[in-house]
There are 2 protein chains.
Amino acid sequence: MDTPKENFSEWYNSIIKDARLCDLRYNLKGFVVIEPNAADVMGRMYRIYEDALELRGHRKAYFPSLIHEKNLETEKEHVEGFAPEVFWVTEAGKNKLEERMLMRPTSETAIYPMYALWINGKSDLPLKIYQSCQVWRYETKATKPFIRTREFHWIEAHDVFATEAEALAQIDEDMQMAEDIIHDSFGIPFIFFKRPQWDKFAGAVDTFAADTLLPDGKTLQLPSTHNLGTNFAKSFGIKYMDDDGQEKYAHQTTYGPCISRIFAALIAIHGDSKGLILPFHLANVQVAIIPIIRKGNEEKILPFARELEATLSKSFRTKLDDSDNTPGFKYNYWELNGCPVRIEVGERDIDSGRAMVARRDTGEKSQVPFEELPAYIEELGKQINDSLIRKADSDFAALQKSADTLEELKSALDSGGGFVKVPFCSDKMEAEACAEKAKDYCSANIRGSKHEGEEKPEGKKCIGCGKEATIYLYAARQY
Amino acid sequence: MDTPKENFSEWYNSIIKDARLCDLRYNLKGFVVIEPNAADVMGRMYRIYEDALELRGHRKAYFPSLIHEKNLETEKEHVEGFAPEVFWVTEAGKNKLEERMLMRPTSETAIYPMYALWINGKSDLPLKIYQSCQVWRYETKATKPFIRTREFHWIEAHDVFATEAEALAQIDEDMQMAEDIIHDSFGIPFIFFKRPQWDKFAGAVDTFAADTLLPDGKTLQLPSTHNLGTNFAKSFGIKYMDDDGQEKYAHQTTYGPCISRIFAALIAIHGDSKGLILPFHLANVQVAIIPIIRKGNEEKILPFARELEATLSKSFRTKLDDSDNTPGFKYNYWELNGCPVRIEVGERDIDSGRAMVARRDTGEKSQVPFEELPAYIEELGKQINDSLIRKADSDFAALQKSADTLEELKSALDSGGGFVKVPFCSDKMEAEACAEKAKDYCSANIRGSKHEGEEKPEGKKCIGCGKEATIYLYAARQY
């Protein structure tokens, strides 16, 4: 297999197929089958995100997948953004429907008419609701499994507040949740950018998006959170009676962690030339036991290995690989599948009372007394996770660059990609032409300014128009 | 509020609205919004079922929601059964699609073409995969929230085996899982019926379905599990190379726990005239703390109640209701919402060191020292669950009846409904006319024979045709 850094695209396509993450042979263009090896992990990622949302006061709901055409038309910018990419349901059974329904590309227009009914007074606020669901978009760009497909799996949280201050605090909470989960738990580094005005979510006041970098230095957007201001509230009539007796429009935010894409980043960032590397708590099989059998000693090895499997299963997702394959084949198989810990059980191991334990991420091996295995693996799992995060952070740090001209930007992107900090005249609509220029010149995409803020450029010129720069923006090539 | 037994339909409609389970004002016919009070509980039910499936060797997958028209046409009986009720996607963006896609009404025709690719040898079997998803059916009958809507939420498991014996063992496992979860954990009694041949899943050899009874004595179908034999395997080419070097068709089963419907049964069976009654482990808020505040003692009561909330939150989903409403209003509110345990904290309680604890199901109250509350509530939760199951079982047992003629059947159904055991000439296709007769005469639906088996009728006549009866079938009025 290729290594992810040297030839990412080939590596990604191979791993998808070899580790059986996704089957591309489904007979509808742009739709793929997510196989158990991926779905198991995604299921765990879903639960972690759902629990975090609930801990922070969100409640689950299930809104319909289909939306009346007239709902979509309610918010002007939103319909312009989404109408070109929706799937339309026009018939049912043998009947032509009187009115067209669309499959949700995102759920604002399904949810907000209900919010208008549900919200009357201040006691109805804040309202924080999420749903885990699929959405459908008629993508015309080339699809790539987990990264861009016509159906994808995400969570969308839609929150409503009385005041702008609360909405902005929610944006911060959304970002902190991403830090806690996507970085600290999944080991995926990212930067939250405030998108330039020309690249906002259709209908939003501001869009903040977490961008990571894949091993080829191209960026992939992970969750985004949007300050909708009162734009949708005005279109959908989401109002509350304030203490002063005045009816006021509510402030809204929407947050969209796309589990399919986060999974793509997970496998791309941690994987190596042998295959997947999964964080310990996300792996389907956390511990694989490989019996080293020689002719005649099955009776000694297998019962021992089975007992070990039973013991370890009490604490970990453990699998004894008692297939007919050779140990070497099994090592490769479990490495390809990203199993974090492998235990070899041969005659010598049993006699010496110590198992050979190999960790997937570094390949290091240790001899560990059988009775100490549960505690050892527990600790090893933490070490593996820590080490994955540290390595990912260090790779990510090495891809932070800066440039003062289009030429420098091109050269930075050509040599391994990454985020390139560039001086820009503005991040408002009037600067869109400068972004276009960067795109045309070197396929650079302007991701926005760092949400956390930073110093202003001093005496620098915009890389697009050459005027006085007022802000640092970040450029990258994107997926 | 009505009581569920006396006027079930009114009661059900009220509880849906008053406890904010479902909003029927969504502007697409047959589609409803499942609100947080229901979705929270359904989310827990999903996780319990998913964990049970995984424990029994199923793995999660995500298959596309859309299906190519030609897939549906592959299995002849299946297409006849489902074509009249599918939603068709015919346009995307501004384009008319060259080929129609249907929204899955169930996923056999999305999944089985992939299984044909995935299964080659015996080592690929058994294959046990499930997905948690929505399905869409263009229902023309009147819709009823959670019971019959055009979009519903279920789990579908699709299993493949080398032999018929393994497939039949899976059917047993599916039924046992229903017993463990739906009865033992959710407290919903049911009988697994083998459906008569005229009422099978389209394309199946045999259909087994768990039917419960709602308080009005009408039956509601909960999970069904189907022995597909080799019918679909032949249509879709799902074959494996057997040890004898022969290529053989695989045996398949499919299992469909419909979470929306199980939720409907849950609230209908346990609820009372005050509102919802939820099992302890499924409740959104397990413990509600109601401060009994009198003018001037807020400073004493509220900090104490907040500390109690913090303590109990370590073990239970706990909510201090510090809204401005009166205690009486709060009691009613939490009773309506099915909160299993209510704790009242007033001045006298604090002074005496004992809280007043009320259980929702029986209304019983006890005084419990504050420091003993965690252990007491833990135990009370179990008692509540046990008591809910016992009560539901006893109500269910009282609705088991028998009849030897259509007149007796009608009279049994007219007096409170239930399952009525009736002698029948057969459960094969030739007896469908007898079932039609029962339906026309008294709206009785023939649910099938008890899967667990029972004695044959001796000297009895079929209630339909009057010929010698060969089997006992069960009749009920259905949702």
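Fair warning: this is a prediction, and the values are worked out from it, not measured in the lab. (Residues numbered from 1 in each chain as written. Chains lettered and ligands numbered in written order. Predicted model: local features only at pLDDT ≥ 70, side-chain atom pairs only at ≥ 80, totals over all residues. Heavy atoms only, no water.)

Let's talk about the interface of chain A and chain B
Now for step 1: The interface of chain A with chain B comprises 61 residues on the first partner and 61 residues on the second.
Now for step 2: Here chain A and chain B share eight salt bridges between them.
Now for step 3: A salt bridge links B:Arg59 to A:Asp40, with the shortest nitrogen-to-oxygen separation between them at 2.5 Å.
Now for step 4: Scanning the region where chain A abuts chain B turns up 34 residue pairs in polar contact (both at pLDDT 80 or more).
Now for step 5: Per-element accounting of the side of chain A that touches chain B gives the leading share, 10 residues, to helix α2 (residues 36–55) of chain A.
Now for step 6: With five bridges connecting them, strand β5 (residues 87–92) of chain A and strand β5 (residues 87–92) of chain B associate as antiparallel partners. From the neighbouring strand, A:Trp88 faces β5(B), where its bridge partner is B:Glu91. (Contact = heavy atoms within 4.5 Å. Salt bridge = Lys/Arg side-chain N within 4 Å of Asp/Glu carboxyl O. Polar contact = N/O pair within 3.5 Å; in protein donor to acceptor, adjacent residues only side chain to side chain. Helix = DSSP H or I, 4+ residues; strand = E, 2+ residues; numbered from the N terminus. Pairing = 2+ DSSP bridges.)

Structural notes on the sheet that holds strand β19 (residues 365–369) of chain A
Strands pair in a sheet through their backbones, by hydrogen bonds, and they do so in one of two ways: parallel or antiparallel.
Residues and elements named next belong to chain A.
Now for step 1: Reading across the sheet, the five strands line up as β16-β15-β17-β18-β19 and stay open at both edges, with mixed pairing between neighbours. Looking at the sheet topology across the chains shown, the edges are occupied by β16 (318–320) and β19. Across this sheet, the average inter-strand angle for adjacent strands is 25°, counted without regard to direction.
Now for step 2: Pairing analysis gives five bridges linking strand β15 (residues 287–291) to strand β17 (residues 341–345), with the strands arranged parallel. Following the sheet pairing, Ala288 is matched in β17 by Arg342.
Now for step 3: Where helix α12 (residues 373–397) meets the sheet, its contacts fall on β15, β17, β18 (354–359) and β19, and the angle it forms with β18 comes to roughly 15°. (Axes fitted to C-alpha atoms, helices over the stretch in contact; angles between N-to-C directions.)

Remarks on helix α6 (residues 164–183) of chain B
Now for step 1: Here α6(B) is 20 residues long and its end C-alpha atoms lie 28 Å apart, about the 28 Å a rise of 1.5 Å per residue gives.
Now for step 2: Where α6(B) is concerned, the buried positions are B:Ala167, B:Gln170, B:Ile171, B:Asp174, B:Met175, B:Met177, B:Ala178, B:Ile181, B:Ile182 and B:His183. (Expected span 1.5 Å × (residues − 1). Buried < 20%, exposed > 50% of the residue type's maximum accessible area, 1.4 Å probe, protein only.)

Overview of the relation of the copies chain A and chain B
Now for step 1: With an RMSD of 0.0 Å, chain A superimposes on chain B once it is rotated by 180° and translated 0.0 Å along the axis. Taken together, the turn and the small shift mark the pair as related by a two-fold rotation axis. If distances are taken from each C-alpha of chain A to the rotation axis, the shortest is found for A:Val89, at 2.2 Å.
Now for step 2: A share of 100% of the interface residues of chain A reappears at the interface of chain B, consistent with the copies meeting face to face through the same patch. (Least-squares fit on C-alpha atoms with pLDDT ≥ 70 in both.)

Focus on the sheet that holds strand β21 (residues 419–424) of chain B
Residues and elements named next belong to chain B.
Now for step 1: One open sheet accounts for 11 strands, arranged β3-β7-β8-β14-β11-β10-β9-β22-β23-β21-β20; its pairing is mixed. One side of each edge strand has no neighbouring strand; the edge strands of this open sheet are β3 (59–60) and β20 (400–402).
Now for step 2: For strand β9 (residues 191–194) and strand β22 (residues 445–450), the ladder comprises two bridges, and the chain directions are antiparallel. Across the sheet, residue Phe193 finds its bridge partner in β22, namely Lys450.
Now for step 3: Each of β9, β10 (206–213), β20 and β21 touches helix α12 (residues 373–397); the most contacted strand, β10, lies at about 105° to it.

Things to note about the packing of α2(A) against helix α2 (residues 36–55) of chain B
Now for step 1: Closest axis-to-axis distance for the α2(A)/α2(B) pair is 14 Å, and the angle between their directions is 155°. The pairing of α2(A) with α2(B) is recorded here as roughly antiparallel in orientation. Between α2(A) and α2(B) the crossing geometry is left-handed. Here A:Arg47, A:Glu50 and A:Asp51 of α2(A) come into contact with α2(B), specifically with B:Arg47, B:Glu50 and B:Asp51.
Now for step 2: Here the residues of the contact of α2(A) with α2(B) sort into no nonpolar, no polar and six charged. (Parallel < 35°, antiparallel > 145°, perpendicular 65-115°, else oblique. Left-handed = near helix turned anticlockwise from the far one by under 90°. Nonpolar A, V, L, I, M, F, W, Y, C, P; charged D, E, K, R; others polar.)

Describing the domain arrangement of chain A
Now for step 1: For chain A, the assigned domains read domain 1 (8–270), domain 2 (287–383) and domain 3 (400–476).
Now for step 2: On a C-alpha basis, the centroid separation for the pair domain 1 of chain A and domain 2 of chain A is 41 Å. (Domains from an automatic or database assignment.)

Observations regarding the state of the cysteines
All names here are of chain B.
Now for step 1: If you walk through the whole model with that rule in mind, you get zero disulfides over all chains.
Now for step 2: The thiol sulfur of Cys434 is not disulfide-bonded, and the nearest other cysteine sulfur, from Cys465, lies at 3.7 Å.
Now for step 3: Using a relative accessible area of 6% as the deciding quantity, one classes Cys434 as buried. (Disulfide = S-S within 2.5 Å.)

Focus: the packing of helix α13 (residues 406–414) of chain B against helix α14 (residues 432–442) of chain B
Residues and elements named next belong to chain B.
Now for step 1: Running from amino to carboxyl end, α13 crosses α14 at an angle of 50°, the nearest separation of the two axes being 10 Å. For the element pair α13 / α14, the angle class is oblique. In the crossing of α13 with α14, the sense of the turn from one axis to the other is right-handed. Here Leu406, Glu407, Leu409, Lys410 and Leu413 of α13 come into contact with α14, specifically with Lys437, Ala438, Tyr441 and Cys442.
Now for step 2: Of the residues assigned to the contact of α13 with α14, the class counts are six nonpolar, no polar and three charged.

Topic: the side chain of B:His158
Residues and elements named next belong to chain B.
Now for step 1: Tracing the sequence through the fold places His158 in strand β8 (residues 151–161).
Now for step 2: His158 gets classed as buried once you look at its relative accessible area, which sits at 1%.
Now for step 3: A distance of 2.7 Å separates a polar atom in the side chain of His158 from a polar atom in the side chain of Tyr112.
Now for step 4: Setting aside anything within four residues of it in sequence, one finds His158 in contact with Ser107, Glu108, Ile111, Tyr112, Tyr115, Leu127, Lys128, Ile129, Thr253 and Thr254.

Thoughts on the pairing of strand β10 (residues 206–213) of chain A
Residue and element names in this part refer to chain A.
Now for step 1: Burial analysis of β10 places eight of its eight residues in the buried class, the great majority of the element.
Now for step 2: Here β10 shows a buried face lined by Asp206, Phe208, Ala210 and Thr212 and a second buried face lined by Thr207, Ala209, Asp211 and Leu213.
Now for step 3: Between the end of β10 and the start of strand β11 (residues 219–229), which pair antiparallel, lie five residues, with Gly217 showing a positive phi angle near 85°.

With respect to unusual backbone geometry
Residues and elements named next belong to chain A.
Now for step 1: Cis geometry is adopted by the peptide bond preceding Pro126, which originates at Leu125 and carries an omega value of -10°.
Now for step 2: A positive phi angle is found at Phe146, which is not glycine, with a value near 70°.
Now for step 3: Among the secondary structure elements, Phe146 is positioned in the loop between β7 (127–136) and β8 (151–161).
Now for step 4: Here Phe146 falls in the buried class, since its relative accessible area comes to 3%.
Now for step 5: Unusually for a residue other than glycine, Ser443 sits at a positive phi of about 55°.

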